[in-house]
Amino acid sequence: MTFRGQVTLDGPSGTGKSSVARGVAARLGAAYLDTGAMYRAATVAVLDAGVDPADADGVARTVAGARIEVGTDAATETVRVDGVDVAARIRGAEVTRAVSAVSAVPAVRRRLVDQQRALVAAAGTVVVEGRDIGTVVLPDATLKIYLTAAPEARAQRRAAQLGIREQSEIVELAADLRRRDEFDSSRADSPLRPAAEAIVVDSTELDQQGVVDRVVALAESAVGVGERA
Ligand SMILES: Nc1ncnc2c1ncn2[C@@H]1O[C@H](COP(=O)(O)OP(=O)(O)OP(=O)(O)O)[C@@H](O)[C@H]1O
Ligand SMILES: Nc1ccn([C@H]2C[C@H](O)[C@@H](COP(=O)(O)O)O2)c(=O)n1
């Protein structure tokens with residue numbers, strides 16, 4: 001029997017959620033939704049409107065008026081704001097610095113969570129990654145994973161991803177990851193935390209393929225649960 005249902009993948013920044021979620025989606029023949037890309041796209045709209053990310057009312061108004069489109073095909077990344085392709089821009093430092101403030105605004109979350117649920121309903125079997133997917137967006141998901149990794153491993157991986165070798169820059173990267181995690185975990189609305197039923201997977205000692213294998217094995221052992229749900 002094949003897996004049918006939803007896999008949620010939550011966890012702190014740089015634990016490997018995006019890469020693992022794509023790999024799992026490919027193995028399961030499932031769709032893939034990167035909800036962080038949606039908050040990043042909303043941040044592009046805020047920055048382009050010249051609104052201060054700390055101005056919650058301005059952020060809420062701007063995001064309410066923006067058309068945010070994110071695809072659910074694991075093989076191609078589609079991210080648009082008002083029809084403009086922002087897939088590369090959302091990964092830049094300016095957006096990364098501002099995204100936690102934008103994503104803490106309750107009206108932004110309500111709007112994007114509604115959109116996420118609609119995308120998931122249209123996608124069928126899907127792997128969804130973010131911070132609040134198992135706790136808030138899809139509380140009845142078939143399989144919930146909470147991905148962790150030691151802070152040093154996360155900083156090293158992000159440095160490798162960005163081609164950074166300088167030790168002082170790696171220390172700075174680690175501080176940025178910590179700052180974003182603290183912000184995302186301490187916000188009032190939908191803070192980052194594991195769902196009660198989530199299976200915690202620590203990727204510190206596993207390579208990317210090892211994590212994908214582990215999650216796919218967990219999904220295969222959940223076959224039947226999706227059909228009953
Ligand atoms: N288990 C692993 N071992 C080594 N490197 C890994 C592992 N998992 C992911 N990576 C690498 O770490 C980097 C960060 O991974 P990724 O972007 O998937 O993390 P993330 O949790 O989605 O981050 P963010 O929340 O900031 O978007 C990527 O270069 C990825 O290839
Ligand atoms: N479900 C989600 C997904 C993401 N966010 C916020 C918090 C993150 O710092 C930011 C960017 O996410 P990333 O691309 O790094 O996964 O978006 C959130 O609040 N809820």
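Residues numbered from 1 in each chain as written. Chains lettered and ligands numbered in written order. Predicted model: local features only at pLDDT ≥ 70, side-chain atom pairs only at ≥ 80, totals over all residues. Heavy atoms only, no water.

1. What about the confidence of the model for the protein?
The criterion, for reference: A score from 0 to 100, pLDDT tells how confident the predictor is in each residue.
Summing up the model confidence of the protein, the mean pLDDT is 95 and the portion of residues at 70 or higher is 97%. Listed scores for the predicted complex are pTM 0.96 and ipTM 0.98.

2. Here's the deal with the site of ligand 2
Operational definition: Nearness here has a simple test: a residue counts as near a molecule or strand if at least one of its heavy atoms is within 4 Å of that partner. Under this definition, polar contacts are N or O atom pairs within 3.5 Å; protein pairs additionally need one hydrogen-donor-capable and one acceptor-capable atom, and for neighbouring residues in sequence, both atoms have to be side-chain atoms. What sets the accessible areas is the Shrake-Rupley method with a 1.4 Å probe; for residues, cover comes only from the shown protein chains. Secondary structure elements are defined from DSSP: runs of H or I of at least 4 residues count as helices, runs of E of at least 2 residues count as strands, and each element is numbered from the N terminus. Polar here means any residue other than Ala, Val, Leu, Ile, Met, Phe, Trp, Tyr, Cys and Pro, which are nonpolar, and Asp, Glu, Lys and Arg, which are charged; Gly is therefore polar. Marked domain ranges trace back to an automatic or database domain assignment.
Close contacts around ligand 2 come from 16 residues, with Arg40, Arg109, Asp132, Asp184 and Arg187 the closest. Between a nitrogen atom of ligand 2 and a side-chain N or O atom of Asp132, the distance comes to 2.8 Å. Computed on the free molecule, ligand 2 has an accessible area of 450 Å², of which 96% lies beneath the protein chains in the complex. Put simply, the parts of the chain that give the shell around ligand 2 at least two residues each are helix H2 (35-48), helix H4 (93-103) and helix H8 (167-186). The element best represented in the shell around ligand 2 is H2, accounting for four residues. Considering only residue class, the shell around ligand 2 consists of three nonpolar, five polar and eight charged. Both domains that meet at the shell around ligand 2, namely domain 1 (1-30 + 125-229) and domain 2 (38-123), each give it at least three residues.

3. Some words on the side chain of Arg40
Rules: Residue contacts follow a heavy-atom distance rule, with two residues in contact if any of their heavy atoms lie within 4.5 Å.
Turning to its location among the elements, Arg40 is positioned in helix H2. Arg40 has contacts with Ile90, Arg91, Val95, Thr96, Val99 and Arg180, leaving out every residue within four places of it along the chain.

4. Overview of the pairing of strand S6 (residues 126-130)
Test applied: To sort residues, take the accessible area from a 1.4 Å probe on protein chains only and compare it with the maximum for the residue type: under 20% means buried, over 50% means exposed, and anything in between is partly exposed. In this scheme, strands are said to pair when DSSP sees at least two bridges between them.
Counting buried positions along S6 yields five of five residues, so the element is predominantly enclosed. Every second residue of S6 is oriented toward a common face, with Val126, Val128 and Gly130 on one face and Val127 and Glu129 on the other, all of them buried. Bridge analysis of strand S1 (residues 6-10) against S6 gives five bridges, and the strand direction is parallel. Paired with Asp10 across the bridge in S6 is Gly130. Two elements, strand S2 (residues 31-34) and S6, share four bridges in a ladder whose sense is parallel. Residue pairing in the sheet places Asp34 in a bridge with Glu129 of S6.

5. Considerations on the site of ligand 1
Close to ligand 1 lie 18 residues; Lys17, Ser18, Ser19, Leu206 and Gln208 are nearest. Contact distances for ligand 1 include 2.8 Å between an oxygen atom and a side-chain N or O atom of Ser18. Between an oxygen atom of ligand 1 and a side-chain N or O atom of Arg158, the distance comes to 3.1 Å. Coverage of ligand 1 by the protein chains reaches 82% of its 640 Å² of free accessible surface. If you list the elements that add at least two residues to the shell around ligand 1, you get helix H1 (17-28), helix H7 (151-162) and helix H9 (208-221). When the residues that make up the shell around ligand 1 are grouped by side-chain class, the tally is three nonpolar, nine polar and six charged.

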